[in-house]
Amino acid sequence: MTSRIIVVDPFDYVVFGGTGDLARRKLLPALYQREADGQLPEDARIIGVSRKASSDADYRESIRAALTEHVKASELKADVVEVFLKRLFYVATDATSDSGWDQLAATLKPGEDKVRCFYLATGPDLFGPISERIAAHGLITDKTRVVVEKPLGKDGASAKAINDEIGRIFHEDQIYRIDHYLGKETVQNLMALRFANALFEPLWNAAHIDHVQITVAETVGVEGRGDYYDHSGAIRDMVQNHILQLLCLVAMEPPATMDADSVRGEKLKVLKGLKAISGPSATHVTVRGQYRAGASTTGAVPGYLDEVTDKASRTETFVAIKAEVQNWRWAGVPFYLRTGKRLAKRVSEIVVRFKPVPHSIFDDSVGALAANELVIRLQPDEGVKLQLMIKDPGPGGMRLRPVPLDMSFADAFGMRNPDAYERLLLDVVRGNATLFMRRDEVEAAWAWIDPILEAWGEMSEAPKGYTAGTWGPSAAIALIERDGRNWHEDTLI
Ligand code: BG6
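No experiment lies behind these values; they were computed from the predicted model shown. (Residues numbered from 1 in each chain as written. Predicted model: local features only at pLDDT ≥ 70, side-chain atom pairs only at ≥ 80, totals over all residues. Heavy atoms only, no water.)

Regarding the overall build of the chain
Here's step 1: Helix and strand content of the chain: 16 helices and 17 strands.
Here's step 2: Since a compact globule built from 493 residues should have a radius of gyration of about 23 Å, the 24 Å found for the chain is in line with a globular shape.
Here's step 3: In terms of overall dimensions, the chain has C-alpha extents of about 80 × 55 × 45 Å along its principal axes.
Here's step 4: Going through the 493 residues of the chain one by one, you find that 52% of them count as buried.
Here's step 5: The contacts in the chain between residues at least 6 apart in sequence include a share of 78% that link residues at least 24 apart.
Here's step 6: When the accessible surface of the chain is split by element, carbon and sulfur atoms take 54% of a total near 21400 Å².
Here's step 7: Positive and negative charge centroids in the chain, built from 60 and 69 side chains respectively, lie 2 Å apart. (Helix = DSSP H or I, 4+ residues; strand = E, 2+ residues; numbered from the N terminus. Rg over C-alpha atoms; globule rule 2.2 N^0.38 Å. Buried < 20%, exposed > 50% of the residue type's maximum accessible area, 1.4 Å probe, protein only. Contact = heavy atoms within 4.5 Å. Areas by Shrake-Rupley, 256 points an atom, 1.4 Å probe, with all protein chains shown as cover. Lys, Arg positive; Asp, Glu negative; His and termini not counted. Charge placed at Lys NZ, Arg CZ, Asp CG, Glu CD.)

Notes on the pattern of salt bridges
Here's step 1: A full pass over the atoms with the stated rule returns 40 salt bridges.
Here's step 2: With a shortest N-O distance of 3.0 Å, Arg-64 and Glu-61 are connected by a salt bridge. Placement of the pair is Arg-64 and Glu-61 together in helix H2 (residues 56–70), with a separation of three residues, close to one helical turn.
Here's step 3: Looking at Glu-61, the relative accessible area reads 42%, which means it is partly exposed.
Here's step 4: A salt bridge links Lys-160 to Asp-164, with the nearest nitrogen and oxygen atoms 3.5 Å apart. Note that Lys-160 and Asp-164 are positioned in helix H6 (residues 156–167) at a spacing of four residues, about one turn of the helix.
Here's step 5: Taking relative accessible area as the criterion, Lys-160 reaches 41% and is therefore assigned partly exposed.
Here's step 6: Since its relative accessible area comes to 28%, Asp-164 is described here as partly exposed.
Here's step 7: Residues joined by salt bridges that share partners form a network here, namely Asp-12, Arg-45, Glu-112 and Lys-114. (Salt bridge = Lys/Arg side-chain N within 4 Å of Asp/Glu carboxyl O.)

Focus: unusual backbone geometry
One can expect most non-glycine residues to show negative phi and most peptide bonds to be in trans.
Here's step 1: For the bond from Lys-150 to Pro-151, the omega torsion is 0 degrees, close enough to zero to count as cis.
Here's step 2: Its place among the elements puts Pro-151 in the loop between strand S5 (144–148) and H6.
Here's step 3: Residue Pro-380 is bonded to the preceding Gln-379 through a cis peptide linkage, with omega at -15 degrees.
Here's step 4: As for its placement among the helices and strands, Pro-380 is situated in the loop between strand S14 (373–379) and strand S15 (383–391).
Here's step 5: One non-glycine residue, Arg-342, lies in the positive phi region at around 55 degrees.
Here's step 6: In this fold, Arg-342 is placed in the loop between strand S12 (334–340) and strand S13 (347–354).
Here's step 7: We classify Arg-342 as buried; its relative accessible area is 8%.
Here's step 8: The backbone phi angle of Asp-381 is positive, close to 50 degrees, even though this residue is not glycine.
Here's step 9: When you line up the elements, Asp-381 lands in the loop between S14 and S15.

Dropping the structure here:
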């Protein structure tokens, strides 16, 4: 099955940090895939920008190598690669001085009526200086958009400062704050599931849902990003953005339309409804962990402290939180969140566990009645499973067992699962900000995270150690078992 392709308007994508890791690993491969699907118009161009002196020809060769490394061989078509590389240009430009900006302005051809996207794949310290120079060199047109990557700050105050800096130059509707989780197919499917089916919405509340689990488990460690990660940790790297965004999509009220502000307005209400965790309550409802040496899927792996410079680091590589959304729909329904590096298995999923039946008409011989569960699997094996109780087939009396109604997207649609960036990069060109974070959302998310960080800062206790290749500290299991519940079993090995 092929998806419907709508060619976008002509654009120039200017990628600051054009030779960096994100550009090579994600952005250029994503644009290549859109090329392969025929979605790029004839005069679309991609302009790589960084400080290093280089030529168009050298840049094209380096991106050829990046595509070979990061796109599956079966998806690399020689003729498409050639067409794609011809769209690439390179301008050496310094974000913090005027060097190279005139050339960038000339490359962008003043007066041209194309969509112009500036992707700032740089550290956040450069967002302000780059934005100012974009403005000072007259590069902002009516169709200009700017895309910024996380981390958007390390706390509420720094996020606000970054937002102020960008906001001095660009209007809010020109700013696209990327959270790549929102571009994942299954995440968008969560909205389809909730709002395009009559089945779930009447049950989607505290009367019928016992609790929700959101797990983003990785088997990788810090992968050479120790310097960044050690100043961030799992709560800033994953919870403040990806996990809270997932929580918002599960918990939000139905927006009036799919329009960006309707969706983002509903997400904002969820963030504002999160019960504050601060001071002593942080000890009860949060768990921090840090991995020690152990084994991953690839063999023996070192501990976190062997991978970072600060050998006494207290940065968490795992976090579990029991969160609550204080509103009519969700009163009393816990949202158990957990994420970590070097865990037993790579799996990201949302589990909605329903309440048990109010009364069983069956006697004990049928077996235990398991509560219904809706599992939305983001990766790997994207899909949705609804666990139902059925009768064991055949004679021999009534015996019941849980069976998943399983919809694996790969099996159902038989097509390549696009990378999140493919969708998001072209949404910017289309001017569709529904899957991007608005300023107030980012700041509301920090407003919930800041007191947790403060509480952790005041604790004398360090994060709990866990062996690489396990499910994190035992305290994370206790966090949910104390409430008479358990983490979803598929994630256990
Ligand atoms: C990034 C984090 O935002 O998301 C990384 O900075 C993490 O630490 C990554 O590994 C996970 O993304 P994905 O798409 O592989 O689940």
